[in-house]
Amino acid sequence: MSIFEKKSKTKDHRFYITLRVFAGFCAFFLLLLLERVGIIYKYPHPVINLVSADEKSANKKAVGDTTCLLIVDSNNETSLADRNEFEQILKDMRIAYDLEDLADKKGHLEELNKYKTIVYATTDVSAMGNTLLDMVEWVADGGSMLFALPLQKTNELNVIGPNVGIEESGYEYSMVDTFLPTEDFMLGGGQVYKIQDGYESALTVGLSDKCNVYATTADGSVPIIWEKDYKNGRFVVCNFAYCQKAYRGVYAAAYSLLGDSCVYPVINASTYYLDDFPSPVPQGDGTYIERDYHMQTADFYSSVWWPDMLTLAEEHDIQYTGLIIETYEGNTSEKLNSNLSTADFYYYGNMLLNRGGTLGYHGYNHQPLCGPNYTYEEDHGYKVWESFDAMHNAMDELERFSKSIFTGAEFAVYVPPSNILSDEGRYMLGHDYDDIKCIASTYFEGNDAYTQEFEVAEDGIVETPRIISGGILDDYMRFSAFSELNFHFVNSHFIHPDDLLDADRGAALGWETLKGNLSNYMEWLDKSAPDIRHVTGNSMAGAVQRYSMLSCDKEEKENEIILDFKGVSDEAYCFIRLNRGKAGEVTGGSIKNLVGDLYLLKIDDDKVTIVIDH
Ligand SMILES: [Zn+2]
């Protein structure tokens with residue numbers, strides 16, 4: 001070997017060492033970069049795209065024979081107030097029903113044999129007059145009847161009491177400020193749910209030991225839902241006075257105890273929204289952030305809040321839907337300035353997208369889409385837009401801004417600022433913005449609120465309301481979440497990063513507490529509904545659309561249930577309560593036992609047959 005060769009070998013050697021070090025650095029940087037944008041985290045999540053437009057026409061249609069009679073009484077204040085809720089509950093469950101108003105008889109009570117179930121949505125059985133005993137006979141012959149509200153103690157109730165399991169009753173009402181469903185009855189069962197502003201509202205009763213009790217108050221002293229077989233039929237009593245949107249799941253669950261089986265469509269989806277994210281760093285009172293973290297607001301979001309939110313997402317398998325705000329300037333004129341500081345939008349937005357999340361529109365600024373003729377019912381500190389064009393320009397600018405940063409991303413979700421949206425603004429979104437497929441506002445009423453049901457609107461926009469929000473998660477929110485999990489099999493929560501700047505949204509409690517509540521809620525959901533689909537806001541729209549389209553006709557035989565579905569495009573979901581027998585072999589779909597007699601059916605075909613094992 002010559003000296004020259006040796007030299008060149010040493011050179012080569014050095015060159016390779018340098019190359020390796022360089023490659024090592026490159027790999028390290030790449031890893032840092034990947035970690036920073038989050039590409040490392042990719043979960044296989046269901047993507048539920050919307051189906052074609054003509055199929056949207058069927059919205060919650062009940063099909064098949066009308067076998068349910070809903071009895072109300074316009075002369076009874078409670079019945080009058082609760083009637084709409086009961087109608088909506090039956091509509092959402094696709095139960096085809098006739099309505100009988102005891103104040104204005106329509107003659108349905110003369111043809112009871114037509115029906116398999118009765119929902120008695122008033123409080124006084126004496127309003128039935130002579131037909132009360134016909135109804136008891138009808139149950140004896142195989143009918144199933146739900147007394148859906150706490151009953152008044154009357155002589156007539158004393159007469160039929162033993163048939164419905166009531167051995168003794170009192171004139172005073174019992175306090176109901178907690179609800180404890182048995183473990184096997186509902187999702188999230190076996191634990192206590194507090195009722196905000198509960199009052200003495202339940203009939204005080206002593207029940208016969210022939211009753212099956214499904215729910216009581218926390219101490220077990222007040223029975224809330226029970227069932228009593230009577231000859232060939234069944235009575236169910238729902239001794240629960242809070243017939244409001246937040247408690248629908250209780251009534252739906254009570255109804256499902258009627259008959260041999262109950263089948264109803266559900267959404268099967270869970271999602272979490274981040275309002276005002278990405279956005280400029282929110283302005284506000286940073287007192288509590290300074291108190292707990294000794295940091296500026298911007299540093300708190302980048303080094304505490306966002307990493308914590310990502311950790312929660314990872315632990316609970318969540319893909320957030322972030323809602324963009326371009327600027328916090330309150331300009332509502334026709335001439336708007338574009339926000340030129342886009343670095344934070346790139347950083348946070350891409351990290352969210354790369355972790356399987358999605359982005360939607362919240363606003364050019366945080367001013368609701370309300371034109372010059374709109375008058376706010378309450379002073380929220382908002383202005384109106386100078387003109388329709390100004391409102392339109394603002395949406396155009398937000399669209400331009402968002403698409404210039406996140407090229408190729410889909411913006412299907414619109415969330416109204418503070419859940420406020422005028423009719424004019426709503427019309428504009430449905431007619432002028434093809435990208436927007438769904439609006440995620442709120443499930444509950446409020447001043448100026450754009451209140452929604454889970455449904456498809458006439459203009460094809462899917463209404464995907466948010467049920468709960470924030471990090472306080474009080475008793476009312478917890479009950480609402482529990483109720484909707486059991487009614488629509490859905491979870492929908494949103495949080496604002498600037499909660500930490502607002503005392504009304506829990507700023508004084510501090511982020512550690514709010515995060516703890518949030519984490520505790522997510523754990524509750526994971527445990528109560530391990531099978532629910534975890535989706536983005538876009539896929540929530542697909543899930544709600546399929547739910548809205550679905551209707552079911554049921555034929556019960558001795559050893560099988562035959563289900564004839566309308567509106568199945570690819571797959572859809574139903575809850576099934578089996579009050580007699582267990583689910584065996586299934587064709588046309590697949591079934592999973594959730595708790596007790598409650599099952600989740602995945603429907604693959606228009607026709608599903610379930611064998612019932614006795
Ligand atoms: Zn907002």
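Scoring rules and cut-offs
- Residues numbered from 1 in each chain as written.
- Predicted model: local features only at pLDDT ≥ 70, side-chain atom pairs only at ≥ 80, totals over all residues.
- Heavy atoms only, no water.
- Domains from an automatic or database assignment.
- Contact = heavy atoms within 4.5 Å.
- Buried area = accessible area lost by both parts, 1.4 Å probe.
- Salt bridge = Lys/Arg side-chain N within 4 Å of Asp/Glu carboxyl O.
- Polar contact = N/O pair within 3.5 Å; in protein donor to acceptor, adjacent residues only side chain to side chain.
- Nonpolar A, V, L, I, M, F, W, Y, C, P; charged D, E, K, R; others polar.
- Axes fitted to C-alpha atoms, helices over the stretch in contact; angles between N-to-C directions.
- Helix = DSSP H or I, 4+ residues; strand = E, 2+ residues; numbered from the N terminus.
- Parallel < 35°, antiparallel > 145°, perpendicular 65-115°, else oblique.
- Left-handed = near helix turned anticlockwise from the far one by under 90°.
- Buried < 20%, exposed > 50% of the residue type's maximum accessible area, 1.4 Å probe, protein only.
- Pairing = 2+ DSSP bridges.
- Phe/Tyr/Trp six-rings, centres within 6.5 Å; stacked < 30°, edge-to-face > 60°.
- Lys NZ or Arg CZ within 6 Å of the ring centre and 35° of its normal.
- Donors = N, O, S within 2.8 Å, 3.2 Å for Na, K, Ca; no water.
- Tetrahedral: all angles 85-135°; square planar, octahedral: opposite > 155°, others 65-115°.
- Expected span 1.5 Å × (residues − 1).
- Bend = angle between axes of the 7 residues up to and from the residue.

1. Some thoughts on the domain arrangement of the protein chain
A common way to express how large an interface is: the accessible area buried when the components associate. Its domain assignment divides the protein chain into domain 1 (68-262), domain 2 (269-544) and domain 3 (552-613). Between the C-alpha centres of domain 1 and domain 3 the distance comes to 26 Å. Contacts between the two partners involve 14 residues from domain 1, matched on the other side by 14 residues from domain 3. Carbon and sulfur atoms make up 41% of the surface buried where domain 1 meets domain 3, a total of about 1100 Å² over both sides. On the domain 1 side of the interface with domain 3, the three residues burying the most area are Leu187, Asp260 and Ser261, jointly 48% of the side's total. Run the count over domain 1 and domain 3 and you get one salt bridge. A salt bridge links Arg580 to Asp260, with the shortest nitrogen-to-oxygen separation between them at 3.3 Å. Counting the contacts that link domain 1 with domain 3 gives 11 residue pairs in polar contact (both at pLDDT 80 or more). Grouping the constituent residues of the side of domain 1 that touches domain 3 by class yields seven nonpolar, three polar and four charged.

2. Notes on the packing of helix α11 (residues 475-487) against helix α12 (residues 511-528)
Interhelical geometry of α11 versus α12 gives an angle of 20° and a closest axis separation of 12 Å. As judged from the angle between their axes, α11 and α12 are roughly parallel. Where α11 crosses over α12, the handedness of that crossing is right-handed. On α12, the residues that touch Arg478, Ala481, Phe482 and Leu485 of α11 are Asn517, Asn520, Tyr521, Trp524, Leu525 and Ser528. Grouping the amino acids of the contact of α11 with α12 by side-chain chemistry returns six nonpolar, three polar and one charged.

3. Let's talk about the pairing of strand β12 (residues 321-325)
Taken across its five residues, β12 has five buried, putting it largely inside the fold. In this structure, strand β11 (residues 269-274) lies alongside β12, joined through two bridges in parallel fashion. Across the sheet, residue Leu274 finds its bridge partner in β12, namely Gly322. Of the pairings in the sheet, the one linking β12 to strand β13 (residues 358-363) comprises five bridges and is parallel in character. Paired with Thr321 across the strands is Thr358, a residue of β13.

4. What about the sheet that holds strand β4 (residues 144-147)?
Strand order in the open sheet made by the nine strands is β2-β1-β3-β4-β9-β8-β7-β5-β6, with mixed pairing throughout. Single-partner strands in this sheet number two, and they are β2 (97-101) and β6 (193-207). Averaged over all pairs of adjacent strands, the angle between their axes in this sheet comes to 20°, without regard to strand direction. Relative to β2, strand β1 (residues 68-72) runs parallel, the two sharing five bridges. Across the sheet, Val72 pairs through a bridge with Asp101, a residue of β2. Packing of helix α3 (residues 131-140) onto the sheet brings it into contact with β1, β3 (117-120), β4, β8 (223-230) and β9 (233-238), and relative to β9 it is tilted by some 120°. Contacting β1, β3, β4, β5 (166-181), β8 and β9, helix α5 (residues 248-255) crosses the sheet at an angle of about 165° to β9.

5. Examining the packing of aromatic side chains
Within this structure, the stated rule accounts for 39 aromatic pairs. Seen in terms of ring centroids, Tyr199 and Tyr242 are 5.4 Å apart; in terms of plane orientation they differ by 90°. Their pairing is edge-to-face. Highlighted residues: Tyr199 in strand β6 and Tyr242 in the loop between β9 and α5, separated in sequence by 43 residues. With a centroid separation of 5.3 Å and 70° between ring planes, the pair formed by Tyr443 and Phe444 is classed as edge-to-face. Accessibility expressed as a relative area gives 13% for Phe444, which makes it buried. The cationic tip of Arg466 hangs over the ring face of Phe494; the distance from NZ or CZ to the ring centre is 3.8 Å.

6. Considerations on the coordination of the zinc ion
A four-donor tetrahedral metal ideally has 109.5 degree angles, and a six-donor octahedral metal ideally has angles of 90 or 180 degrees. Around the zinc ion, the protein supplies Asp276 (OD), His362 (NE2), His366 (NE2) and His496 (NE2) as donor atoms, at distances of 2.0 to 2.5 Å. In this structure, the zinc ion is surrounded by four donor atoms whose angles at the metal cover 89 to 129°, and the resulting shape is tetrahedral. Every donor residue of the zinc ion comes from the same chain, spaced as D-x85-H-x3-H-x129-H. In this pair, His366 sits in the loop between β13 and α9 (388-405) while His496 sits in the loop between β19 (490-495) and α12, placing the two residues 130 residues apart along the sequence. As far as burial versus exposure is concerned, His366 and His496 are alike and both buried.

7. Some details on α5
Note that an α-helix has 3.6 residues per turn; residues three or four places apart therefore point the same way. Within α5, eight of the eight residues are buried, which leaves it mostly tucked inside the rest of the structure. Along α5, the positions that sit buried rather than exposed are Arg248, Gly249, Val250, Tyr251, Ala252, Ala253, Ala254 and Tyr255.

8. What to know about helix α2 (residues 77-92)
With 16 residues, α2 should cover 22 Å at 1.5 Å per step; its first-to-last C-alpha distance of 24 Å lies within 8% of that length. Its maximal kink placed at Arg83, α2 deviates by approximately 40°. The set of residues buried in α2 consists of Ser79, Asp82, Glu85, Phe86, Glu87, Gln88, Ile89, Leu90 and Asp92. Its side-chain oxygen at 3.0 Å from the backbone nitrogen of Thr78, Asn76 defines the N-terminal cap of α2. Arg94 sits one or two residues past α2 and shows a positive phi near 60°.

9. Some words on the side chain of Ser174
Mapped onto the elements of the fold, Ser174 is located in strand β5. Within the structure, Ser174 has its side chain in polar contact with the side chain of Thr204 (distance 2.8 Å). In contact with Ser174, not counting residues within four places along its chain, are Tyr199, Glu200, Ser201, Ala202, Leu203, Thr204 and Val222.

10. What to know about the sheet that holds strand β10 (residues 261-266)
Spatially, four strands are ordered β10-β22-β25-β24 in an open sheet, and the strand pairing comes out antiparallel. Single-partner strands in this sheet number two, and they are β10 and β24 (589-595). Adjacent strand axes in the sheet meet at a mean angle of 25°, parallel and antiparallel pairs treated alike. When β24 meets strand β25 (residues 598-603), the two strands line up antiparallel, connected through six bridges.

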